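Close look at the chain arrangement
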Amino acid sequence: MSKGPRKSILANFASFAAEAKAQASEAAVPKTDSGNASPPPSDPAVTAAPATAPAAPPASLSTPAPQTSGLAQRVGASVIGATQRSIAELREERDRLQALVEAGGTRDIDAALIDPSPFRDRMPDDDEAGFDGFRARFAEEGQKVPAEVRPHPDAPGRFQLVFGHRRWRAARDLGLPLRVIVVAKSDAEVAVSQGIENAERQDLTWIERARFAATLEQAGLKARDIRAALGIDDPELARFRMVLRALPEDVILRIGRAPKAGRPRWVEMAKLAETFPARLAQLPESLSPAKVPTSDGRLQAALAVLRGEADSGDSTMDLHDAQGRRIAQARFSRGSMQLVPERAVADDWAAFLRQDLPDMAARFERWKAER
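Residues numbered from 1 in each chain as written. Predicted model: local features only at pLDDT ≥ 70, side-chain atom pairs only at ≥ 80, totals over all residues. Heavy atoms only, no water.

**Considerations on the overall build of the protein**
Filter applied, for reference: Numbering of helices and strands runs from the N terminus, with a helix taken as a DSSP run of H or I at least four residues long and a strand as a DSSP run of E at least two residues long. Remark: exposure states derive from per-residue accessible area (1.4 Å probe, protein chains only) relative to the maximum for the residue type, with buried under 20%, exposed over 50%, and partly exposed in between. Any two residues whose heavy atoms approach within 4.5 Å at even a single point are treated as in contact. Each accessible area is a Shrake-Rupley result for a 1.4 Å probe, and residues are judged covered by the shown protein chains and nothing else.
For the protein, the count of helices and strands is 16 helices and 8 strands. Out of the 371 residues in the protein, the part that is buried amounts to 37%. In the protein, the share of contacts with a sequence separation of at least 24, taken over all contacts with a separation of at least 6, comes to 74%. Of the accessible surface of the protein, which amounts to about 20,400 Å², a share of 53% is contributed by carbon and sulfur atoms.

Here it is in structure tokens:
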């Protein structure tokens with residue numbers, strides 16, 4: 001026997017109530033529905049939110065390239081392929097510069113004349129306490145380690161950071177000059193030098209390193225140069241790519257740098273996002289800083305959504321008949337739910353659910369299998 005279109009819980013309840021009235025005696029019976037009701041609205045609990053699956057990105061890392069004037073023109077494949085100087089040579093140059101620093105070969109430059117690196121490696125930090133402490137020590141004790149800059153390739157008279165972002169930011173905030181070493185480096189060499197510095201300082205989070213690797217790749221660096229700059233192997237670079245391919249950029253930015261989260265959580269989240277795209281579409285509304293103030297907390301909230309775990313907060317849903325009258329309220333909390341009918345139709349709900357629950361359970365199993 002063929003079945004008609006699937007009805008919502010409310011539609012089934014309305015049909016049940018109408019049939020019950022038709023069969024009732026002429027004794028007074030509480031009226032709950034009008035005789036000629038317009039078609040009831042679809043059940044909000046059954047209607048799934050549209051899942052917006054992310055467009056399939058290329059196999060390479062998917063973080064958008066930074067918008068830097070002239071960067072694409074300066075970083076050509078042939079230049080990057082050679083990397084102009086090897087990783088070993090750049091490490092040796094750093095050692096020579098360190099010796100230069102120890103000999104007093106630095107200069108002070110107005111921090112307002114310095115622009116950030118074209119290769120952005122840091123995400124905004126939702127906890128400014130750490131930087132506030134750093135800035136206070138900078139003001140009290142002075143700058144202990146010089147930053148590295150190069151002459152700005154597009155703005156004569158200005159400079160561009162190679163590394164030393166926090167020192168530059170503290171100097172700029174305090175109105176102090178920045179002690180620097182001025183070097184002549186290409187874009188490729190800036191990217192690799194920045195990667196070497198960050199890899200050895202180990203102050204970038206896992207997702208920041210993944211996004212920095214994406215920036216280097218989109219600027220034209222070959223995989224071997226990215227691995228050397230970040231001190232990673234092929235499997236780790238593959239994991240960077242997988243995570244950035246599976247998670248939309250806006251989701252990563254909403255979560256933030258998540259300093260306490262390492263590779264396992266990000267990889268789990270990426271795999272869940274690929275498996276349950278409908279859950280991925282629910283993430284933006286769960287990641288508001290107003291709801292979850294820390295990036296580590298937002299990452300945990302995202303994982304809870306992708307795992308299909310219940311929301312930690314209570315919520316309610318009012319159910320209405322075709323005339324807009326409330327006939328029940330559904331109440332949801334972690335690990336439980338309730339359906340509380342209006343008193344006038346409570347007996348009708350009880351009779352309806354006794355009849356309809358077996359079919360509802362079968363629909364629930366089909367719904368789980370289709371998620």
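**What about the packing of helix H8 (residues 206-218) against helix H10 (residues 234-246)?**
Short version of the rule: Axis definition: a line fit to C-alpha positions, over the contact stretch in the case of helices; interaxial angles, taken between N-to-C directions, run 0 to 180 degrees. Working rule for angles: under 35 degrees goes down as roughly parallel, over 145 as roughly antiparallel, 65 to 115 as roughly perpendicular, anything else as oblique. In this classification, the charged set is Asp, Glu, Lys and Arg, the nonpolar set is Ala, Val, Leu, Ile, Met, Phe, Trp, Tyr, Cys and Pro, and all remaining amino acids, among them Gly, are polar.
With their axes 9 Å apart at the nearest point, H8 and H10 run at an angle of 90 degrees to one another. Between H8 and H10, the angle is such that the two are roughly perpendicular. Of H10, the residues touching H8 (which contributes Trp-206, Ile-207, Arg-209, Ala-210, Arg-211, Ala-213, Ala-214 and Glu-217) are Glu-236, Leu-237, Arg-239, Phe-240, Arg-241, Val-243 and Leu-244. Broken down by class, the residue content of the contact of H8 with H10 amounts to 9 nonpolar, no polar and 6 charged.

**A word on helix H12 (residues 263-275)**
Residues lying three or four places apart along an α-helix face the same way, a consequence of the helix completing one turn every 3.6 residues. Which entries qualify depends on this criterion: Multiplying one less than the number of residues by 1.5 Å gives the expected span of a helix.
Compared with the 18 Å implied by 1.5 Å per residue over 13 residues, the 18 Å span of H12 between its first and last C-alpha is a close match. Listed as buried for H12 are Trp-266, Val-267, Met-269, Ala-270, Leu-272 and Ala-273.

**Observations regarding the packing of aromatic side chains**
Any pair of aromatic rings gets described here by the distance separating the centres and the angle formed by the planes. Selection criterion: Pairing of aromatic rings covers Phe, Tyr and Trp, the last counted by its six-membered ring, and requires centre-to-centre distances within 6.5 Å; plane angles under 30 degrees mean stacked, over 60 mean edge-to-face, and any other angle means tilted. Charge-over-ring contacts are defined here by two conditions on Lys NZ or Arg CZ: a distance within 6 Å of the ring centre and an angle within 35 degrees of the ring normal.
By the definition in use, this model includes 5 aromatic pairs. Among the aromatic side chains, those forming a connected cluster through ring pairs are Phe-131, Phe-134 and Phe-138. One Lys or Arg, Arg-166, reaches over the ring of Phe-134 and ends 4.3 Å from the middle of that ring.

Functional significance is not addressed by these values, which are geometric in nature.
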